[in-house]
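Descriptive analysis of the structure
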Amino acid sequence: MDFERLDVWKLSARLSVDIYRGLASCRDFGFKDQITRSGLSIPSNIAEGMTRDGDREKRYFLSMAKGSCSELRTQIYIGVEVGFIPAECGKDWIKRSKRIAAMLSGLLKLLHQK
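Residues numbered from 1 in each chain as written. Predicted model: local features only at pLDDT ≥ 70, side-chain atom pairs only at ≥ 80, totals over all residues. Heavy atoms only, no water.

1. Focus: the pattern of salt bridges
Per the stated rule, a full pass over the model turns up seven salt bridges. Note that Asp33 and Arg37 form a salt bridge whose closest N and O atoms lie 3.0 Å from each other. Within this pair, Asp33 and its partner Arg37 are both found in helix α2 (residues 29-50), separated by four residues, close to a single helical turn. With a closest N to O distance of 3.0 Å, Asp92 and Arg96 form a salt bridge. Of this pair, Asp92 and Arg96 both sit in helix α4 (residues 87-113), four residues apart, roughly one helical turn. Here the residues in one salt-bridge network are Arg14, Asp18, Asp92 and Arg96, joined through shared partners. (Salt bridge = Lys/Arg side-chain N within 4 Å of Asp/Glu carboxyl O. Helix = DSSP H or I, 4+ residues; strand = E, 2+ residues; numbered from the N terminus.)

Given below as structure tokens:
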């Protein structure tokens with residue numbers, strides 16, 4: 001299956017774009033680099049995993065993407081707390097990252113059943 005057709009990839013790629021745009025004016029380059037990397041890691045790992053031949057490899061990369069969701073949420077919570085991310089924006093990003101993580105859990109479950 002082409003990864004571009006997966007809703008979880010589409011949602012995660014959109015979230016990554018929104019994070020880049022939302023933090024365009026952030027002057028803390030260390031924070032900005034870290035959070036954009038974790039956001040970018042999610043769709044990237046989904047894409048890499050779904051183009052692998054074996055289910056074991058697919059599960060590995062999808063699991064990495066799910067871990068990146070948790071990393072991203074941690075950084076969003078901190079970014080909101082220190083004032084880099086507006087609270088409403090942070091709440092939206094957290095909600096979206098939780099949805100993506102749940103979708104990845106479902107996909108992993110399907111792959112485990114094979």
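This is not the end of the story, as more comes after the structure.
2. Comments concerning the confidence of the model for the protein
Confidence in the prediction of the protein, expressed as mean pLDDT, is 96, and 98% of residues score 70 or more. Confidence scores differ between elements of the protein, with α4 showing the lowest mean pLDDT of 96 and helix α1 (residues 7-22) the highest of 98. (pLDDT = per-residue confidence, 0-100.)

3. Some words on the packing of aromatic side chains
The full count for this structure, using the stated rule, is three aromatic pairs. Taken together, a centroid distance of 5.2 Å and an interplanar angle of 70° make the contact between Phe3 and Trp9 edge-to-face. Their ring planes at 50° and their centres at 5.1 Å tell us that Phe31 and Phe84 sit as a pair that is tilted. In this pair, Phe31 is assigned in helix α2 and Phe84 in the loop between α3 (55-82) and α4, connecting sequence segments 53 residues apart. Given the relative accessible area of 13%, Phe31 is considered buried. Note on Phe84: relative accessible area 31%, which makes it partly exposed. (Phe/Tyr/Trp six-rings, centres within 6.5 Å; stacked < 30°, edge-to-face > 60°. Buried < 20%, exposed > 50% of the residue type's maximum accessible area, 1.4 Å probe, protein only.)

4. Section: the nonpolar core
If you look at the biggest cluster of nonpolar residues, it comprises 27 residues, and the most contacted ones within it are Leu23, Ile35, Ile46, Leu62 and Leu104. Broken down by secondary-structure element, the contributors of at least two residues to this core are α1, α2, α3 and α4. Tallying contributions element by element places α4 first for this core, with eight residues. Setting aside residues no more than four positions away along its own chain, Leu23 makes contact with Phe31, Lys32, Ile35, Phe84, Ile85 and Trp93. (Core = buried A, V, L, I, M, F, W, Y, C linked by side-chain atoms within 4.5 Å. Contact = heavy atoms within 4.5 Å.)

5. Quick word on α4
Every α-helical turn comprises 3.6 residues, leaving residues that sit three or four positions apart pointing alike. Over its 27 residues, α4 runs 39 Å from end to end, which matches the ideal 39 Å to within 8%, given 1.5 Å per residue. Listed as buried for α4 are Gly90, Trp93, Ile94, Ser97, Ile100, Ala101, Leu104, Leu107, Leu108 and Leu111. Structurally, α4 contributes buried residues whose contacts are with α1, α2 and α3. (Expected span 1.5 Å × (residues − 1).)

6. Some details on the packing of α3 against α4
Running from N to C, α3 and α4 cross one another at 165°; their axes reach a closest spacing of 9 Å. Accordingly, the angle class assigned to the pair α3 and α4 is roughly antiparallel. Regarding α3 and α4, the two cross each other, and that crossing is left-handed. The class makeup of the residues in the contact of α3 with α4 is 16 nonpolar, five polar and six charged. (Axes fitted to C-alpha atoms, helices over the stretch in contact; angles between N-to-C directions. Parallel < 35°, antiparallel > 145°, perpendicular 65-115°, else oblique. Left-handed = near helix turned anticlockwise from the far one by under 90°. Nonpolar A, V, L, I, M, F, W, Y, C, P; charged D, E, K, R; others polar.)

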